[in-house]
Every structure is written in structure tokens, then in C-alpha cells.
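An overview of the molecular structure
Here are the chains, one letter per residue:
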Amino acid sequence: MTTVDIEYCVPCGFLNRAEDIQHALLSQFGDELDAVALVTGDHGVLRVDVDGEPVWDKSEDDYDVDEITRRVRAEL
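Residues numbered from 1 in each chain as written. Predicted model: local features only at pLDDT ≥ 70, side-chain atom pairs only at ≥ 80, totals over all residues. Heavy atoms only, no water.

What to know about the overall build of the protein
Of regular secondary structure, the protein possesses 2 helices and 4 strands. The N-to-C order of helical and strand elements in the protein reads β-α-β-β-β-α. Relative to a compact globule of 76 residues, whose C-alpha radius of gyration would be 11 Å, the protein shows 11 Å and is just as compact. Principal-axis analysis of the C-alpha atoms places the extent of the protein at approximately 30 × 20 × 20 Å. (Helix = DSSP H or I, 4+ residues; strand = E, 2+ residues; numbered from the N terminus. Rg over C-alpha atoms; globule rule 2.2 N^0.38 Å.)

Considerations on a negative patch on the surface
A contiguous patch of negative charge on the surface is contributed by Asp34, Asp51, Glu53 and Glu75. On the secondary structure map, Asp51 appears in the loop between strand S3 (46-50) and strand S4 (53-57). (Patch = residues over 30% accessible without salt bridge, like charges linked within 9 Å, V, L, I, M, F, W, Y side chains within 5 Å. Areas by Shrake-Rupley, 256 points an atom, 1.4 Å probe, with all protein chains shown as cover. Salt bridge = Lys/Arg side-chain N within 4 Å of Asp/Glu carboxyl O. Lys, Arg positive; Asp, Glu negative; His and termini not counted. Charge placed at Lys NZ, Arg CZ, Asp CG, Glu CD.)

Quick word on the packing of helix H1 (residues 15-29) against helix H2 (residues 65-75)
Contact pair H1 / H2: the axes reach a minimum separation of 10 Å and the direction vectors enclose 50°. Overall, the two elements H1 and H2 adopt an arrangement that is oblique. Viewed along their axes, H1 and H2 form a crossing whose handedness is right-handed. Contact with H1, carried on its side by Asp20, Ile21, Ala24, Leu25, Gln28 and Phe29, involves Val65, Ile68, Thr69, Val72 and Arg73 of H2 and no other residues of that element. Residue composition of the contact of H1 with H2, by class: 7 nonpolar, 2 polar and 2 charged. (Axes fitted to C-alpha atoms, helices over the stretch in contact; angles between N-to-C directions. Parallel < 35°, antiparallel > 145°, perpendicular 65-115°, else oblique. Left-handed = near helix turned anticlockwise from the far one by under 90°. Contact = heavy atoms within 4.5 Å. Nonpolar A, V, L, I, M, F, W, Y, C, P; charged D, E, K, R; others polar.)

Some points on the environment of Gly13
For Gly13, the position within the fold is in the loop between strand S1 (2-9) and H1. Residue classification places Gly13 among the partly exposed positions, given a relative accessible area of 48%. Each C-alpha atom of the pair Gly13 and Thr3 lies 24 Å from the other, and the pair is 10 residues apart in sequence. (Buried < 20%, exposed > 50% of the residue type's maximum accessible area, 1.4 Å probe, protein only.)

With respect to the pattern of salt bridges
A side chain with one charge may pair with a side chain of the opposite charge, provided their charged atoms come close. Throughout the structure, instances matching the rule amount to 5 salt bridges. A network of salt bridges, in which partner residues are shared, links Asp61, Glu67, Arg70 and Arg71.

Below is the structure:
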């Protein structure tokens, strides 16, 4: 099974975005995933890793929950 980590910047207030991503992934792939973990960070980070490999990063990509979901699906 697969583990997804969503690292988000606490001081930036990205918790809501991280929770939106988490909810979308659990809704779509809940029984295909071992865990969808929220990981606290700083310095503006908002990144999604699947089994330790980055699939989406705010510093490189536009924030789009549907696109993030598609990228996670490609890794399953």
C-alpha cells in the first residue's frame, strides 16, 4: 500500500490547503492508501510526497487539488 505525506507551512497558514488535499485524496483513494499524513513545516512549504517521492510542490506548481489528485493517482 501507499503512504502520502503533505508537508505544509504552519506560519504561512497552509493548514486549510493541506486539509483540503488530504480530504480529496482520502475521498478518492481511501482504501488504496495506508496513510495520508499532515507534516508540519515552515519556510513556505506545501508539498505532496508519495512513498517519499515528491509529486507536487507549491514552489513549482499552481495550487490545484484536482491536479494533485491526478498526480497521486498516477503513482498508485
